[in-house]
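Notes for the structure review
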Amino acid sequence: MDDFTPEELEQGRILFARPATFVMGCAKIEQLPDPDLPEVAFAGRSNVGKSSLINGLVGMHKLARASNEPGRTREVNFFDLDGKMRLVDLPGYGWAKASKSTVKKFQDLGRDYLRGRVTLKRVYLLIDARHGLKKVDDEALDALDLAAVSYQIILTKADKLKKGEAEKVQEATLKGVSKRGAAYPAVIVTSAEKGDGMPELRAEIMRTTGVTL
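Since this is a predicted model, take the numbers as computed values, not measurements.

Attention now moves to the sheet that holds strand E6 (residues 151–156). The strand order across the open sheet built from 7 strands is E1-E3-E4-E2-E5-E6-E7, with neighbouring strands paired in mixed fashion. In this open sheet, the two strands that pair with only one neighbour each are strand E1 (20–26) and strand E7 (188–189). Here E1 pairs with strand E3 (residues 76–81) via 6 bridges, running antiparallel. Of the residues in E3, the one forming a bridge with Cys26 is Val76. Across the face of the sheet, helix H5 (residues 165–176) comes into contact with E6 and E7 while running at roughly 155° to E6.

Following this line, the structure appears as C-alpha cells:
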C-alpha cells in the first residue's frame, strides 16, 4: 500500500466529510453528464459491496443504494462530492437476475464509459477479500486493460477474515495483477463496516484526481 502523510489523510477526511449528492443514473452513453470534473469509478462483482464502500467513503448510509438483489445496478450512477469530483458507480458483473441481453446491455454501457471518458482518473476494482481474484474477474480485468484505464484493486469485507489473512490475500492479489499494464501496483484492504482502509482510500483518491481543498 502507498504511504500517506498525516496531512494527506487529514485532507482526505475533510474532503469526504463535505456534501455528497446523487447526480443522475445513465442508461445510455448519450446521457452522461458533461466531462467537467475529475472522476473515479468503482467496479466489481454484483455482491462485492460497492454501495457500502461508497457510502463508507462519504460517511452516509444511503447515498449509494445497496440492494438485497445483487446485480440491480444497471446504470452508470454519478455522485457529486462538494463540486470538486464525481464518484461513479458502474454496473456490477458476475451474475444478475436478468436476461442475458439485459446484462449485456448494461455491461456494454460500462465499457463504453471506460473507453470514452476523458475525465476518468482511475477505476477502483473491488474484490471480496474472502475470495480474492477469481476467474469471473478476468473479463473485467481484460476490459480495463483494453480500455487502457488506470485501475487499482480494492479488497472489501476484510473484517470477515481472520487476523493475518488479509495480508496474504493482499500479496496474492498484487501478484495476480503484476503483469497487467494498466493495474496500479498497490492494493488497499478495506472494511466498510469497520472503516478500515477508508482513510487511505480517501487520500489515494485525492492524490489520483489532483483535487485540493
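Now that the structure is up, let's keep going.
Take the pairing of E6 next. With 6 of 6 residues buried, E6 is to be regarded as a mostly interior element. Neither face of E6 is exposed, since Tyr151, Ile153 and Leu155 on one face and Gln152, Ile154 and Thr156 on the opposite face are all buried. Sheet analysis places strand E5 (residues 120–128) next to E6, joined by 6 bridges and oriented parallel. Note on E6: the bridge partner recorded for Asp128 is Thr156. Viewed along the sheet, the connection from E5 through helix H4 (residues 138–147) into E6 turns out right-handed.

Unusually for a residue other than glycine, Asp82 sits at a positive phi of about 55°. You can see Asp82 is positioned in the loop between E3 and strand E4 (85–89). By relative accessible area, Asp82 is classed as partly exposed at 28%. Notably, Ala148 is not glycine yet its phi reads approximately 55°, a positive angle. Counting through the fold element by element, Ala148 comes out in the loop between H4 and E6. Judged by its relative accessible area of 63%, Ala148 falls in the exposed class.

It is worth spelling out the nonpolar core at this point. Grouped burial of nonpolar side chains is what soluble globular proteins tend to show. Counting 34 residues, the largest nonpolar core has Leu90, Tyr113, Leu114, Val123, Leu125, Ile153 and Leu155 as the members making the most contacts within it. Put simply, the parts of the chain that give this core at least two residues each are strand E2 (39–44), E3, helix H3 (100–116), E5, H4, E6 and H5. The residues contacting Leu114, other than those within four sequence positions of it, are Leu90, Leu120, Val123, Leu144, Ala147 and Val149. By size, the runner-up hydrophobic cluster in this structure holds 25 residues, among which are Phe42, Val48, Leu81 and Tyr124.

Attention now moves to the pattern of salt bridges. Pairing of side chains with opposite charge becomes possible as their charged atoms draw close. Scanning all chains against the criterion turns up 18 salt bridges. Between Arg45 and Asp137 there is a salt bridge whose closest N-O contact spans 3.1 Å. Of this pair, Arg45 sits in the loop between E2 and helix H2 (50–58) while Asp137 sits in the loop between E5 and H4; the two residues are 92 residues apart in sequence, bridging distant segments of the chain. A residue is classified by how much of its surface remains accessible, and Arg45, at 15% relative accessible area, is buried. Judged by relative accessible area, Asp137 falls into the buried class, the value being 0%. Residue Arg115 is joined to Asp112 by a salt bridge in which the shortest nitrogen-to-oxygen separation is 2.8 Å. Of this pair, Arg115 and Asp112 both sit in helix H3, 3 residues apart, which is roughly one turn of the helix. Look at Arg115 and you get exposed, because its relative accessible area is 53%. The exposure class of Asp112 is partly exposed, given its relative accessible area of 34%. When salt bridges that share partners are traced, they join Asp36, Glu39, Arg86 and Arg117 into one network.

What follows is about H5. Compared with the 16 Å implied by 1.5 Å per residue over 12 residues, the 16 Å span of H5 between its first and last C-alpha is a close match. If you check which residues of H5 are buried, you get Ala166, Val169, Gln170 and Thr173. Summarising the axial view, the buried residues of H5 lie within an arc of 105°, below the 170-degree limit, and thus occupy one face. Seen from the buried face of H5, the exposed residues on the opposite side, beyond 90 degrees, are Lys168, Glu171 and Lys175. Among the structural elements, E6 and E7 are those in contact with the buried residues of H5.

Definitions and cut-offs
Residues numbered from 1 in each chain as written. Predicted model: local features only at pLDDT ≥ 70, side-chain atom pairs only at ≥ 80, totals over all residues. Heavy atoms only, no water. Pairing = 2+ DSSP bridges. Helix = DSSP H or I, 4+ residues; strand = E, 2+ residues; numbered from the N terminus. Contact = heavy atoms within 4.5 Å. Axes fitted to C-alpha atoms, helices over the stretch in contact; angles between N-to-C directions. Buried < 20%, exposed > 50% of the residue type's maximum accessible area, 1.4 Å probe, protein only. Right-handed = clockwise from strand over helix to strand, strands pointing away. Core = buried A, V, L, I, M, F, W, Y, C linked by side-chain atoms within 4.5 Å. Salt bridge = Lys/Arg side-chain N within 4 Å of Asp/Glu carboxyl O. Expected span 1.5 Å × (residues − 1). Arc of directions from axis to C-beta.

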